[in-house]
Amino acid sequence: MESSVDRIADPWGGRVPHGRHQPWPARVDTRLADGVRSEDVQRWVQAASILHSDGDAMDIAVVDGRMVGVRGRAVDRVNRGRLGPKDLFGWQANASPDRLTRPLVREGGRLVETDWDDAMDRVVSRSRELLDERGPGSLGFYTSGQLFLEEYYTLAVLARAGIGTNHLDGNTRLCTSTAAEALKESFGCDGQPGSYDDIDHADVIALFGHNIAETQPVQWMRVLDRLEGTDPPRLLCVDPRPTPVARRAAVHLAPRIGTNVALFNALLHEVIRTDRVDHAYVRAHTVGFEELAARVADCTPQWAAGVCDVPAARISEAAELLGTADRLLSTVLQGVYQSHQATAAAVQVNNLHLIRGMLGRPGAGVLQMNGQPTAQNTRECGANGDLPGFRNWQNDAHVEDLAKVWNVEPSTIPHYAPPTHALQMFRYAEQGSIRMLWISGTNPAVSLPELSRVRSVLSQERLFTVVQDLFLTETAQLADVVLPAATWGEKTGTFTNADRTVHLSEKAVEPPGGARPDLEIFLDYARRMDFRDKDGGPLITWQDPESAFEAWKRCSAGRPCDYTGLSYDMLRGGSGIQWPVNERAPEGTGRLYTDGITWAHPDVCENYGKDLVTGAADGAMEYRSLNPDGKAMIKAAAYLPPHEGPSEEYPFQLTTGRTLYHFHTRTKTGRAPQLNAAAPDVWVEVSAKDAERTGLREGDLVEVRSPRGALRGRLRVTDLRPGVLFVPFHYGYWDTPAGSGPDASTPGRAANETTITDWDPASKQPLFKTAAAALTLVERGDGTPSPAPTTTASAPTAPRHVPATTGGPAAHVTQVPHPAWDRKEGSR
């Protein structure tokens with residue numbers, strides 16, 4: 001059955017209900033360019049989504065060498081053929097006429113076109129000068145969550161063993177470094193314990209600071225199909241905004257921003273008080289329960305109600321849901337990761353599962369979610385501030401093992417201090433110790449906090465900045481060298497989603513002009529720099545994506561993220577496969593920790609833990625004394641007030657976040673007509689109560705000001721928690737007259753003009769949801785509503801006065817589930 005659906009107006013499409021413990025039926029979503037029919041398509045090329053962390057599998061439609069559409073892959077375990085709006089429409093950005101096609105270099109203060117040899121000669125020349133004059137610590141690399149595994153691994157080798165710098169991190173620091181840190185704190189190692197398949201089996205799904213409907217829309221479709229089927233799950237939502245999740249939740253808690261730890265401690269208090277604890281599991285598999293019980297003994301719902309401004313009765317209802325669940329699935333995202341006490345809060349969610357024994361079986365799991373498509377690969381490959389293969393930089397045996405893989409001396413690999421995190425790298429650049437910064441696939445001039453400071457850093461004469469990207473972004477406009485990159489659909493590689501599913505994405509079309517794959521650029525740099533191993537041979541021995549993947553497999557061998565049983569051939573034609581994949585698990589691994597905790601032993605763990613308040617790293621001896629047998633660690637945390645709170649001058653709490661129709665700084669989605677039309681400009685959300693109190697109305701032009709800067713946008717009045725302002729962070733300046741930043745004639749519209757340079761002490765993740773702000777009227781609206789979508793958490797309180805968001809037809813083909821999937825047809 002095929003039907004046309006407006007997938008802007010109806011982002012999640014039609015329902016295919018399924019009952020608990022039943023497989024999720026397929027529904028194939030397709031979008032082709034206007035005038036193109038399925039029979040016109042000459043080739044369908046296998047890929048997966050690059051515009052969120054779901055890993056939605058899809059095929060790219062090709063006609064005469066052009067990308068003309070996409071369809072979902074029914075055989076894939078992640079999405080069973082479904083695609084979200086960004087999947088269906090985002091591919092159009094590849095053919096945008098303003099793609100970079102030739103390298104640019106700065107001459108006389110302007111960027112001018114040049115050839116690849118000139119551009120790379122400048123990069124190599126500056127690299128060698130700095131190595132000779134200032135040493136490897138003068139070079140830093142800041143990468144993305146959107147490249148391929150093969151590219152991250154190559155970058156990690158050339159940066160750590162070639163240059164020898166400790167300054168390598170990804171923009172995953174902004175979105176999922178807390179996910180990684182929380183998993184390491186609790187389980188000794190990164191890697192999601194749970195699986196998306198747990199949605200099919202859970203009777204309670206708790207979403208903590210996770211608007212899954214907009215950030216992982218296909219998995220929200222899965223939840224919606226469960227809600228329409230037999231034995232539907234009950235939902236718990238913790239979010240200050242009226243998200244689609246909140247509207248379907250059995251219990252919705254909207255706590256005061258910055259009080260997550262207080263709320264979670266109260267939930268733990270109630271679970272322990274009512275003795276919903278799996279004592280046998282706690283004894284067999286954990287350490288630290290007594291400390292947790294003592295810490296939360298006084299954290300009653302009444303106490304938390306005073307801190308969080310949430311009714312105590314509702315906290316008790318939430319605890320009842322969590323405590324009585326037969327199989328509990330919890331998901332966590334930016335409402336926790338980018339807020340005050342981020343790691344401490346995320347760890348408490350892990351604690352909830354540990355004390356309830358809710359791990360390692362269908363429906364019982366934790367997903368410390370990712371925000372980007374290849375965030376997991378950044379972490380695995382060592383491009384995010386860790387050593388490759390989840391090795392421990394404090395463990396000499398791990399460093400020696402990695403040195404053997406790379407055939408270098410252990411001293412070559414920097415491990416004298418923790419790898420440098422992103423905000424510290426920008427501080428070093430500000431102070432002058434980092435003199436060259438290579439930025440690949442990310443746009444910090446919009447995505448980092450306190451943008452006036454970021455622009456000042458990137459504009460320094462002494463800082464040599466290389467930007468590798470698709471478009472002339474706000475960051476690229478400040479660079480000394482700009483390298484035009486190929487993107488998804490124009491190159492081949494693998495990437496791993498938030499539940500450890502590895503997909504292969506094949507090259508479908510040629511990149512425009514002289515744009516090159518990121519892997520090719522990194523390999524070219526390594527050749528020109530003539531990086532060598534300890535025997536004088538080339539440090540990097542691979543030459544294409546598949547040989548890079550085979551090299552990565554050798555690095556991953558015996559580690560938690562073991563890829564040794566995978567190959568490109570295994571990933572072609574069927575479903576993505578969850579790591580680890582090896583001799584013990586040749587078909588992949590659906591869930592971790594099915595037989596206890598496996599990677600927390602002192603000899604194998606990824607790190608030795610940190611103090612959740614100060615971020616101070618523990619040592620090997622301390623870790624071994626507390627956890628000699630390698631059990632899961634239940635780590636308690638006291639609630640502490642946020643660093644910046646409302647005041648008379650700045651009476652609101654400002655939180656930033658995402659909308660369904662855009663990804664990051666809109667460099668791709670802003671160039672897809674349907675997505676851009678659905679959310680064309682920045683807006684400011686305020687509660688109906690605050691709008692009435694301040695005399696503001698829908699569509700008014702307002703200014704949001706913090707101690708750091710200001711932005712302007714049209715007002716959207718919603719059912720947001722009173723006292724809070726919400727601004728989407730996607731909007732910068734590339735599509736405004738100003739180009740790279742605000743000026744006197746173009747007031748700021750980027751949310752990060754206002755956010756604070758502050759980070760979580762353990763994960764070093766910036767805290768985008770903790771600023772204090774003021775709201776003032778600039779001019780009355782003319783009756784035109786704000787540009788915010790009506791279909792999402794930004795839905796207006798008075799919908800009759802606001803036209804509905806519409807505009808993107810696509811096709812559904814509903815199929816009967818295959819009676820017996822095998823691995824090639826979508827199962828494990």
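Residues numbered from 1 in each chain as written. Predicted model: local features only at pLDDT ≥ 70, side-chain atom pairs only at ≥ 80, totals over all residues. Heavy atoms only, no water.

Participant: Residues and numbers for the sheet that holds strand 14 (residues 328-332), please.
Facilitator: Strand order in the open sheet formed by five strands is 12-11-10-14-15, with parallel pairing between adjacent strands. The open sheet has two edge strands with one neighbour each: strand 12 (251-253) and strand 15 (365-368). Recorded for the sheet is a direction-independent mean angle of 10° between the axes of neighbouring strands. Looking at chain direction, strand 11 (residues 234-238) and strand 12 are connected through three bridges and run parallel. Bridged to leucine 236 within strand 12 is valine 251. (Pairing = 2+ DSSP bridges. Helix = DSSP H or I, 4+ residues; strand = E, 2+ residues; numbered from the N terminus. Axes fitted to C-alpha atoms, helices over the stretch in contact; angles between N-to-C directions.)

Participant: Describe the side chain of serine 447, listing the residues and the values that go with them.
Facilitator: Relative to the helices and strands, serine 447 is located in helix 18 (residues 444-447). Judged by its relative accessible area of 10%, serine 447 is buried. Side-chain polar atoms of serine 447 contact the backbone oxygen of asparagine 443, separated by 3.1 Å. If we ignore the near neighbours within four places in the chain, the residues touching serine 447 are Leu174, Thr442, Thr665, Asn752 and Phe768. (Buried < 20%, exposed > 50% of the residue type's maximum accessible area, 1.4 Å probe, protein only. Polar contact = N/O pair within 3.5 Å; in protein donor to acceptor, adjacent residues only side chain to side chain. Contact = heavy atoms within 4.5 Å.)

Participant: Tell me about the environment of histidine 730, and please be specific about residues and values.
Facilitator: Within the secondary structure, histidine 730 sits in the loop between strand 27 (724-728) and strand 28 (771-779). A sequence separation of 48 residues divides histidine 730 from valine 682, and the C-alpha atoms of the two residues are 7.9 Å apart. Leave out the neighbours within four places in its chain, and histidine 730 touches Gly657, Arg658, Thr659, His662, Phe663, His664, Thr665 and Arg666.

Participant: So, the environment of phenylalanine 426: which residues are in play, and what are the values?
Facilitator: Examined against the element boundaries, phenylalanine 426 turns out to sit in helix 17 (residues 422-431). For phenylalanine 426, a relative accessible area of 7% puts it in the buried group. Along the primary structure phenylalanine 426 and tyrosine 142 are separated by 284 residues, whereas in three dimensions their C-alpha atoms are 9.5 Å apart. Discounting residues that sit within four places of it in the chain, phenylalanine 426 has contacts with Tyr142, Leu437, Pro444, Leu448, Val454, Val457 and Leu458.

Participant: Which residues make up the sheet that holds strand 17 (residues 464-469), and what values do they have?
Facilitator: Spatially, the seven strands line up as an open sheet ordered 7-6-18-17-16-8-9, and their pairing is mixed. Strand pairing shows two members of the sheet lacking a second neighbour, strand 7 (110-113) and strand 9 (168-170), which therefore form its edges. Averaged over all neighbouring strand pairs, the angle between strand axes comes to 20°, with direction disregarded. Strand direction decides the pairing type here: strand 16 (residues 436-440) and strand 17, joined by five bridges, are parallel. By the bridge assignment, serine 440 is partnered in strand 17 with glutamine 468. Its contacts with the sheet place helix 2 (residues 116-133) against strand 6 (104-107), strand 8 (139-143), strand 16, strand 17 and strand 18 (481-484), and it is angled at close to 130° to strand 18.

Participant: Can you lay out the nonpolar core for me, pointing to particular residues and giving the numbers?
Facilitator: Of all hydrophobic cores here, the largest spans 119 residues; its most connected members are Phe208, Trp220, Leu236, Leu267, Ile355 and Trp488. Among the elements that take part in this core, helix 8 (residues 260-273) stands out by supplying nine residues, more than any other. What leucine 267 contacts, discounting residues up to four positions off in sequence, is Phe208, Ile315, Ala318, Ala319 and Leu322. Counting residues in each nonpolar core, the second largest holds 66 residues, with Val157, Ala161, Ala551 and Leu571 among its members. (Core = buried A, V, L, I, M, F, W, Y, C linked by side-chain atoms within 4.5 Å.)

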